[in-house]
Amino acid sequence: MAAPSFLGWDFSTQQLKVIAIDEHLRVIYEDNVNFDKDLPEFKTQGGAHVHGDRLTVTSPVLMWVKALDMILEKMKSSGFNFSQVRALSGAGQQHGSVYWKKGSIQILKNASPKLPLHQALKACFAISDSPIWMDSSTASQCSALENAVGGAQRLANITGSRAYERFTGNQIAKIYNQNPEVYAQTERISLVSSFAASLFLGAYAPIDYSDGSGMNLLQIWDKSWSASCLDACAPELVEKLGNPVPSHSVLGSISPYYIQRYGFSPDCKIVAFTGDNPASLAGMRLEEGDIAISLGTSDTLFLWIREPTPALEGHILCNPVDSQTYMALLCFKNGSLMRERIRNECASGSWDEFSKALSSTVAGNNGNLGFYFDVMEITPEAVGVHRFNSDNQKVLNFPKEVEIRALIEGQFMAKRIHAEKLGYKVMPQTRILATGGASHNKKILQVLSDVFNAPVYTIDTANSACLGSAYRAIHGLVAETNVPLADVVKLAPEPRLAVTPTAGAEELYHPLLKRYAELEQKMLLSTLLLLS
Ligand SMILES: O=C(CO)[C@@H](O)[C@H](O)CF
């Protein structure tokens, strides 16, 4: 008797990925279709089309459907045993939207198993090029939405975020403003995640609470659509969106199309799909109090928060694995490129020298602090390099090793300050899960551990959204019995402990964090005065 398996899908920007795991959480199959390479007829770059205005960015929705056809054929040719798949779930790039044309529900439901799905669905989309998260063409719609609900902070208090150009409500508003007839022809609007779930369900899948939190439309407290936000974006929107559901919901059984064409079992359950970042939180198996830090080109923080305080930066989303709590996303644009520039200038381009500089300078850097933003920073909105000595006087430069420590301590103090502004609290059980390039440098991790006064673990997150989706497929089958995800995936490989805080770190950094926050306000004010 073949062992049961679970599938996790990731409809990400550049590729479609799938992972199969067995009941012991061991990966038994993985595959991917790269949109640019494997579907060249769509002529995408990085899976997207950047339009002439340099602001509008879209992806062809039929490319996503055809990629699914291709990957299922690859799995079939490799002899993958579809009949043992007990459940599947998935993730989609956040904020992107799909516009189903009137009448498509019947075509989706009755797709012939003799045809690839992309042929069956070729006339089903009112908009063939879906707006995606890289789009920034909706500034006017963002202003209109914030004004309609009483301002940016009011919108953040309702939906978890101020208005952002990529967020779906503003994208829908743009389509309604510019193509009202196309909007009128649309019977359903999906996110990329719920669109992908619909393909497997053979019906329109609902939007889950977590990915729905990235639309500027969902009230994150009672998990219902905000009438004031919907009305500000487009008319009769609630009918086109359907009702949102908890992210662990079992939506139903797989469509007969897959049973007849690929041999899936009629009992295979579809668990609600969600956004790629919420799915990654599941894949990293974050628990209450944990922080995941992806140290990449930009640094991204994933936080598990029980009582969030929405702000004008960052994003509060409904937690995908626990409907009673929340997750927060914070993005710091000046990440590894900033670290590499200082390494090149102050450590002759060598990470070993960079690490030696961190070893040869004292924690707290004798009170020297710095803000390093070569490009316009997102958190906070500031640019330039600003250095301060222990008397809070601006200085033009630091000795090389002091510069290195000021950069790293500054980057991590900013992360703690802005995480705590969103309501995050360092707890006794707090763990920092670090991933990305800089997470291989123990001296950098030691500063991170000291600033947060928490142990730092390293994890491999290459497929975290896909793996998290497979974990959520298992969890969905038992979620109704209130079994937490952590219990379902305790057999998964544990994160590796890398460093623990230096004794006295909390006492040292507590006053420095306060100074850093005050200097950040001073720096922001002086930047504003300069720009005004
Ligand atoms: O816009 C984002 C999050 O708000 C990105 O991380 C997308 O989810 C990437 F697909």
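For the structure, check the block above.
Here the structure is a predicted model, which is why all the values come from computation and not from measurement.

Caption draft 1: Fine view of the sheet that holds strand E21 (residues 394–395). The antiparallel open sheet is built from 3 strands, whose spatial order is E19-E20-E21. Across the chains shown, the open sheet's two edge strands, defined by having one partner strand only, are strand E19 (369–373) and E21. Relative to E21, strand E20 (residues 384–388) is paired through 2 bridges, and the arrangement is antiparallel. By the bridge assignment, Phe 388 is partnered in E21 with Lys 394. Along the sheet, helix H17 (residues 400–421) contacts E19 and E20; its crossing angle with E19, the most-contacted strand, is approximately 75°.

Caption draft 2: Just the pairing of strand E7 (residues 97–101), in detail. E7 sits mainly inside the fold: 4 of its 5 residues count as buried. By the bridge criterion, 5 bridges tie E7 to strand E9 (residues 186–191) in an arrangement that is antiparallel. Across the sheet, Ser 97 pairs through a bridge with Leu 191, a residue of E9.

Caption draft 3: Seen up close, the site of the ligand. Around the ligand, the neighbouring residues are Thr 13, Gln 93, Gln 94, His 95, Trp 133, Arg 166, Asp 276 and Asn 277. Contact between the ligand and Asn 277: an oxygen atom at 2.9 Å from a side-chain N or O atom of the residue. For the ligand, whose free accessible area comes to 290 Å², the fraction covered by protein is 84%. In terms of residue class, the shell around the ligand is built from 1 nonpolar, 5 polar and 2 charged.

Caption draft 4: Main features of empty space enclosed by the protein. Under the criterion given, the structure shown has 1 cavity of 30 Å³ or more. What lines the largest cavity is a set of 13 residues, and nearest its centre among them are Asn 334, Tyr 372, Phe 373, Gln 411 and Ala 414. No other element matches H17, which puts 5 residues into the lining of the largest cavity. Across the lining of the largest cavity, the residue classes break down as 6 nonpolar, 5 polar and 2 charged.

Caption draft 5: Just the layout of surface pockets, in detail. Of the voids in this model, the second largest pocket is the one considered here, and its volume is about 560 Å³. Surrounding the second largest pocket, 27 residues form its lining, Gly 283, Asp 460, Leu 467, Tyr 471 and Pro 493 being those nearest its centre. Every element with two or more residues in the lining of the second largest pocket is listed here: strand E3 (27–34) and helix H19 (464–478). The dominant element in the lining of the second largest pocket, judged by the number of residues it contributes, is H19, at 3 residues. Each residue belonging to the lining of the second largest pocket can be placed in one class, and the counts come to 13 nonpolar, 5 polar and 9 charged.

Caption draft 6: Seen up close, the packing of aromatic side chains. Going through the model one piece at a time under the given rule, you end up with 22 aromatic pairs. Their ring planes at 40° and their centres at 6.0 Å tell us that Phe 200 and Phe 273 sit as a pair that is tilted. Of this pair, Phe 200 sits in helix H9 (residues 192–201) while Phe 273 sits in the loop between strand E13 (269–271) and strand E14 (274–275), placing them 73 residues apart in sequence. By the burial criterion, Phe 200 is buried, and Phe 273 matches it. Its guanidinium or amino end placed over the ring of Tyr 164, Arg 166 lies 5.4 Å from that ring's centre, counting from NZ or CZ. Cation over ring: Lys 415 sits above Phe 332, and NZ or CZ is 4.5 Å from the ring centre.

About the criteria used
Residues numbered from 1 in each chain as written. Predicted model: local features only at pLDDT ≥ 70, side-chain atom pairs only at ≥ 80, totals over all residues. Heavy atoms only, no water. Pairing = 2+ DSSP bridges. Helix = DSSP H or I, 4+ residues; strand = E, 2+ residues; numbered from the N terminus. Contact = heavy atoms within 4.5 Å. Axes fitted to C-alpha atoms, helices over the stretch in contact; angles between N-to-C directions. Buried < 20%, exposed > 50% of the residue type's maximum accessible area, 1.4 Å probe, protein only. Near = heavy atom within 4 Å. Polar contact = N/O pair within 3.5 Å; in protein donor to acceptor, adjacent residues only side chain to side chain. Areas by Shrake-Rupley, 256 points an atom, 1.4 Å probe, with all protein chains shown as cover. Nonpolar A, V, L, I, M, F, W, Y, C, P; charged D, E, K, R; others polar. 1 Å grid on protein atoms, 1.4 Å probe; cavity = no way out; pocket = protein on both sides within 12 Å on 5 of 7 lines; lining within 4 Å. Points joined across faces, edges and corners; volume = space filled by probe spheres on them. Phe/Tyr/Trp six-rings, centres within 6.5 Å; stacked < 30°, edge-to-face > 60°. Lys NZ or Arg CZ within 6 Å of the ring centre and 35° of its normal.

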